[in-house]
2 protein chains.
Amino acid sequence: MKSAIPETGVPITQPAAGNGSDRQEASLHGEVLLRLRDYVVEGNIPEGARVPERQLCEMLGISRTPLREALKVLAAEGLIELLPNRGARVRQLSQRDLEELFDVMAGLESLAGRLACELITDEEIAAIERLHYEMYGHYLHRDMHGYFQINQQIHESIVAAARNETLKTTYANFAGRIRRVRYSANFARKRQRWGEAMREHEAILDALRRRAASELSDILFQHLRNKRSAAIDHLAEGQDTGLETTPQGD
Amino acid sequence: MKSAIPETGVPITQPAAGNGSDRQEASLHGEVLLRLRDYVVEGNIPEGARVPERQLCEMLGISRTPLREALKVLAAEGLIELLPNRGARVRQLSQRDLEELFDVMAGLESLAGRLACELITDEEIAAIERLHYEMYGHYLHRDMHGYFQINQQIHESIVAAARNETLKTTYANFAGRIRRVRYSANFARKRQRWGEAMREHEAILDALRRRAASELSDILFQHLRNKRSAAIDHLAEGQDTGLETTPQGD
DNA sequence: AATACAAATAATGAATGCAAAATAGCTTCT
DNA sequence: AGAAGCTATTTTGCATTCATTATTTGTATT
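Owing to the predicted nature of the structure, the values given are computational and were not obtained by experimental measurement.

Participant: Just give me the short version of the packing of aromatic side chains, but keep the residues and values in it.
Facilitator: In this structure the tally under the stated criterion is 6 aromatic pairs over all chains. Measuring from ring centre to ring centre gives 5.4 Å for Tyr139(A) and Trp194(A), while their planes differ by 80°; the resulting arrangement is edge-to-face. Taken together, the residues Tyr139(A) in helix α5 (residues 122-140) and Trp194(A) in helix α9 (residues 191-209) connect sequence positions 55 residues apart. Residue Trp194(A) is classed as buried on the basis of its relative accessible area of 4%. Taken together, Tyr136(A), Tyr139(A), Tyr147(A) and Trp194(A) form an aromatic cluster joined through their ring pairs. Above the face of the Phe221(B) ring, Arg114(A) is positioned so that its terminal group lies 4.6 Å from the ring centre. Taking NZ or CZ as reference, Arg142(B) lies 5.2 Å from the ring centre of Tyr139(B), over its face.

Participant: Give a description of the interface of chain A and chain B that names residues and reports values.
Facilitator: At the interface, 32 residues of chain A touch 32 residues of chain B. Summing both sides of the interface, chain A and chain B together bury roughly 2,600 Å²; the carbon and sulfur share of this comes to 58%. Arg225(A) serves as the salt-bridge partner of Glu118(B), at 2.7 Å between the closest nitrogen and oxygen. Remark: the boundary between chain A and chain B carries 16 residue pairs in polar contact (both at pLDDT 80 or more). Those elements that provide at least two residues to the side of chain A that touches chain B are α3 (64-77), α4 (95-119), α7 (165-177) and α10 (213-237) of chain A. Residue contributions to the side of chain A that touches chain B peak at 12 residues, all from α4(A). Looking at the side of chain A that touches chain B residue by residue, the classes come out as 11 nonpolar, 8 polar and 13 charged.

How each quantity is defined
- Residues numbered from 1 in each chain as written.
- Chains lettered and ligands numbered in written order.
- Predicted model: local features only at pLDDT ≥ 70, side-chain atom pairs only at ≥ 80, totals over all residues.
- Heavy atoms only, no water.
- Phe/Tyr/Trp six-rings, centres within 6.5 Å; stacked < 30°, edge-to-face > 60°.
- Helix = DSSP H or I, 4+ residues; strand = E, 2+ residues; numbered from the N terminus.
- Buried < 20%, exposed > 50% of the residue type's maximum accessible area, 1.4 Å probe, protein only.
- Lys NZ or Arg CZ within 6 Å of the ring centre and 35° of its normal.
- Contact = heavy atoms within 4.5 Å.
- Buried area = accessible area lost by both parts, 1.4 Å probe.
- Salt bridge = Lys/Arg side-chain N within 4 Å of Asp/Glu carboxyl O.
- Polar contact = N/O pair within 3.5 Å; in protein donor to acceptor, adjacent residues only side chain to side chain.
- Nonpolar A, V, L, I, M, F, W, Y, C, P; charged D, E, K, R; others polar.

Take it as geometry only, folks, not as evidence of what the structure does.
What follows is the structure in structure tokens.
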């Protein structure tokens, strides 16, 4: 058998030349790290599958040294795991792993809400309100995809309003780990749960307007907890196929 | 000038032989990573100072390849930073960085408390109570060091009671980043603040006994927030000397 | 004497090379 | 035919080497 990795190979020719998002890294290993991380997060390699060094080197047009450095970092981030003398594999998340990840995400968002209450401006709240109503529109039209997009933006806005770069980075890290599952989980959302989620979002907005830190913290945690349940349930159902059926549109 | 790094060099002769704590890593790079992390966390290299590859290679008795892999990981963890073509430096934390780190730690402990309320056993609570009274004894005897030790144990017990390995790992990561400062901050604790901290701990224990998740979450966050203030104030005072005077007993 | 310039030296970043381990393939034996 | 054992190939882990960039040292000039 060849390998399950699609050949999206675009060699790194111009290190850190204006390639879309302005991620800083000028060094080769930095470039490799960013590209590999995306590559894995986007689900280009099946869960549990080997991450073949040689093939990736060819794909990226580099030697093994910077690639291996990047792999070590990805392993530290929890995206892959390194088996001694047996190479790297895409980390397979057990149900328990997912529960833990969702809970930590819930804790981080809960913290973000708490901190946001301290310094958030009326303008920022207004912007979130606009997003909220936009999302409500998608809800009414039963447009799951649009809803999901705005939903993400709202949560990211709250994290941004916390004015804590460390928190933001950590949040992004965990978000990457569960991205595929999360997407899948949102599609699994039952109609009833969807309505609940909308109500929770209204409560979030309300608490935010009143800068009620503790209260917002509680609501956000519960909100994420409920998402967790939906996601876990969904996965438990489709356990056999695992994540391979996860939509990867974007 | 030679270098500011003390020669604690003990070459890695027996990879993962029973060297105290049972840290798994069998590979060389893993060994190096663990040792280097401790080396940096324990403050053997002054803040902002270069991390000389060659010297560390000699000290550890390895080549540059595994060392550089470890450096990449430490950079990802936030302990050091890599300047392009200019090597690694021990990350110097600005006051803002510290504020952010303390807040994230506060959020994580707050989360830990919330989760702990769900499944903590009476035995675990009893164990924390014992620690609490032991700590109270240190408080009465004005034994700052003993107090600090037990204090750490209590917070770690709460994190452990959350039954979330991901959280535990993340918590440990952040704890490592601010370890030196934290130690210093505890010594800076004024008598009045010390009394407050004891009362807060009593409230923590009370909420834990009642499994009052939201309440415990709030108390823990506030508790850590107050620690943050003490630490930041302390650092602001001794800004000139920086952290070099930090006691490093253990 | 101080500054600017230039060569020498050392450090970094990445590629290559080599030994050990794992996997695959083949043969042999029951 | 199937299992067990042995060899060949591949892959991994680390050391070494090479090119490039920074830093230091020395020299000349104002």
